Amino acid sequence: MAATTSSSSPTSLLNSLSSLSLSSSPPPPTTVSLSSTSSSTKTLTAITQPPISPLIHNTSSNIHSLLYPSLAYSNNLFFKTPYNVQVIVGPDESEESLIGRFRREVFRANIIQECKRRRFFETNQEMRKRKIRDAARRRSRRRQRPVAKKDEISRKKVDDEPDNWELIDVEVPYCQ
Amino acid sequence: MAKAIPKKGSRGRISSRKSIRKIPKGVIHIQASFNNTIVTVTDVRGRVVSWSSVGTCGFQGTRRGTPFAAQTAAANAIRAVVDQGMQRAEVMIKGPGLGRDATLRAIRRSGILLTFVRDVTPMPHNGCRPPKKRRV
C-alpha cells in the first residue's frame, strides 16, 4: 500500500517540517486533529526520536513499526496532505539525479503497478494468477542472486593458484 | 474537487483583476493520466493561480498522452507564474502516465527552486469496485 519513504537526514527533515509549518497558513478547523500542523509540531518536540526514524529507512521500518506502531503511517499524519513518496530536493542537484531518484522511489513504492492493476476490475481467478506469477518471480530472483556469487568466487580461486611446474634455474652443487 | 475553481479566461491567465498577487512560494500540481496531463499552479493553501493542460496547448487525440506534450503544458503553466514572481515551489504528482518525468524536467529547466517532489496518487484501501475489463 502506501510505502513510507523519505530521503533526507533527520536534521534537514526537521528543518523542512518547521519551514512547512511556518510558511503554510493556519490549518482550517475542519482537518482531523492528527493531521493539523500545530499538533504535529507539538508532538515532534515532545517525542524527538521516534517520529524521525520511521520516515528515513525502508529497511529499518519493520523494527520501528513494531516498536512504534502508531507511527507506521506517519506520512499520512505529519503533513496536511498524505503522500506516497517524497523526495526532498537538495541545493544544486542535477536534473538527471533528481529524476532518477524520484523514479527509483516510485518504483520501490510500486505506485504505477498498483495504478495499472486497479484500473479495471480483476476477478478472483485473475488475482490468483497474478499472485502466483509474482511469487514465482520473487522466488526465482532470490535463487538467482546467491548462486551467481558462488560462481564468481570459484572462478577466482582457479585463476590465482600459481603453477609450480616451471624449471627453476639455480646452481646445484656437485652437479655439472 | 471540493472548491469551485473558476476556470474562466484564456489559457491559464488569472480571471479576476484584484488577484494579481505576488506569491513567492507555491505548489505545482501535476495530474498525469494516460491520455492527458494537467498542470495547475496554486498557492500554499491550494487556491489556483494558473493552470494549463495538454489540450489547451493545442494537441489533440493520441498526442495528448506523450511526454513532449506534457513538457509544453508545464512550460506554459510556469511561464505565466514566473512573471508573477514565484521562486520556490513544491511539486505534487498524481496518476500514472508519461507526463510525470517530462513535467519535472520542464519545471527544473524553468529555473524555479524546488523544495519537495511528492507523489500523491490516490490509493484506495480496496474501496470502490473499478469498471470491468475491456475486451479490446
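Data block above holds the structure.
Residues numbered from 1 in each chain as written. Chains lettered and ligands numbered in written order. Predicted model: local features only at pLDDT ≥ 70, side-chain atom pairs only at ≥ 80, totals over all residues. Heavy atoms only, no water.

Next up on the list: the overall build of chain B. Each helix and strand counted, chain B has two helices and five strands in total. Counting from the amino terminus, helix and strand elements in chain B follow one another as β-β-β-α-β-α-β. The burial tally for chain B puts 45% of its 136 residues in the buried class. The contacts of chain B with a sequence gap of at least 6 include a subset with a gap of at least 24, amounting to 66%. Carbon together with sulfur atoms contributes 54% to the accessible area of chain B, which is approximately 7,800 Å² in total. (Helix = DSSP H or I, 4+ residues; strand = E, 2+ residues; numbered from the N terminus. Buried < 20%, exposed > 50% of the residue type's maximum accessible area, 1.4 Å probe, protein only. Contact = heavy atoms within 4.5 Å. Areas by Shrake-Rupley, 256 points an atom, 1.4 Å probe, with all protein chains shown as cover.)

Moving on: the interface of chain A and chain B. Buried accessible area, meaning the area lost when the parts come together, often serves as the stated size of an interface. If you look at the interface, chain A gives 34 residues, while chain B gives 31 residues. Taken together, the two surfaces of chain A and chain B that pack against each other cover about 3,200 Å², and 62% of this comes from carbon and sulfur. Considering only the side of chain A, the residues that lose the most area to chain B are F102(A), R118(A) and F121(A), jointly responsible for 20% of the buried surface there. Our enumeration of links across chain A and chain B arrives at five salt bridges. A salt bridge links R105(B) to E95(A); its shortest N-O distance comes to 3.9 Å. One can count twelve residue pairs in polar contact (both at pLDDT 80 or more) joining chain A with chain B. Going through the elements one at a time, α1 (10-23), β1 (85-88), α6 (95-108) and α7 (111-119) of chain A are the ones with two or more residues in the side of chain A that touches chain B. A per-class count over the side of chain A that touches chain B returns 18 nonpolar, seven polar and nine charged. Here β1(A) runs beside strand β5 (residues 113-119) of chain B; their pairing, made up of four bridges, is antiparallel. Pairing of V85(A) across the sheet is with D119(B), part of β5(B). (Buried area = accessible area lost by both parts, 1.4 Å probe. Salt bridge = Lys/Arg side-chain N within 4 Å of Asp/Glu carboxyl O. Polar contact = N/O pair within 3.5 Å; in protein donor to acceptor, adjacent residues only side chain to side chain. Nonpolar A, V, L, I, M, F, W, Y, C, P; charged D, E, K, R; others polar. Pairing = 2+ DSSP bridges.)

Our focus in this paragraph is the nonpolar core. Membership of the largest hydrophobic core comes to 31 residues, with the highest contact counts inside it found for F102(A), I28(B), L114(B) and V117(B). Excluding its chain neighbours within four sequence positions, the residues that come into contact with V117(B) are V85(A), Q86(A), V87(A), V89(A), L98(A), F102(A), V91(B), I93(B) and L104(B). With five residues, the next largest nonpolar core counts V54(B), C57(B), A69(B) and A73(B) among its residues. (Core = buried A, V, L, I, M, F, W, Y, C linked by side-chain atoms within 4.5 Å.)

Moving on, we come to the pattern of salt bridges. The final tally for this structure, using the stated rule, is 16 salt bridges over all chains. Where D134(A) meets R137(A), a salt bridge forms, and the shortest distance between an N and an O atom there is 3.5 Å. Linking D134(A) with R137(A), this pair stays in helix α8 (residues 124-160), spanning three residues, or about one helical turn. A relative accessible area of 22% means that D134(A) is categorised as partly exposed. Among the residues examined, R137(A) registers a relative accessible area of 40% and is labelled partly exposed. Between D119(B) and R100(B) there is a salt bridge, with the nearest N and O atoms lying 2.5 Å from each other. In this pair, D119(B) sits in strand β5 while R100(B) sits in helix α2 (residues 99-110), placing the two residues 19 residues apart along the sequence. The exposure class of D119(B) is buried, given its relative accessible area of 0%. In this structure, a network of salt bridges that share partners links the residues E114(A), R117(A), R118(A), E122(A) and R130(A).

This brings us to the pairing of strand β4 (residues 88-94) of chain B. Residue and element names in this part refer to chain B. Counting buried positions along β4 yields five of seven residues, so the element is predominantly enclosed. Two strands pair when backbone bridges link them, and strand β1 (residues 25-32) and β4 are joined in this way by seven bridges, in the parallel orientation. In the sheet register, K25 faces β4, and the bridge partner there is R88. Note that β4 and β5 share five bridges and pair parallel. Paired with I93 across the two strands is D119, which belongs to β5. For the crossover that starts at β4, traverses α2 and ends in the parallel β5, the hand is right-handed. (Right-handed = clockwise from strand over helix to strand, strands pointing away.)

Everything listed here is a matter of coordinates, which is why it stays silent on function.
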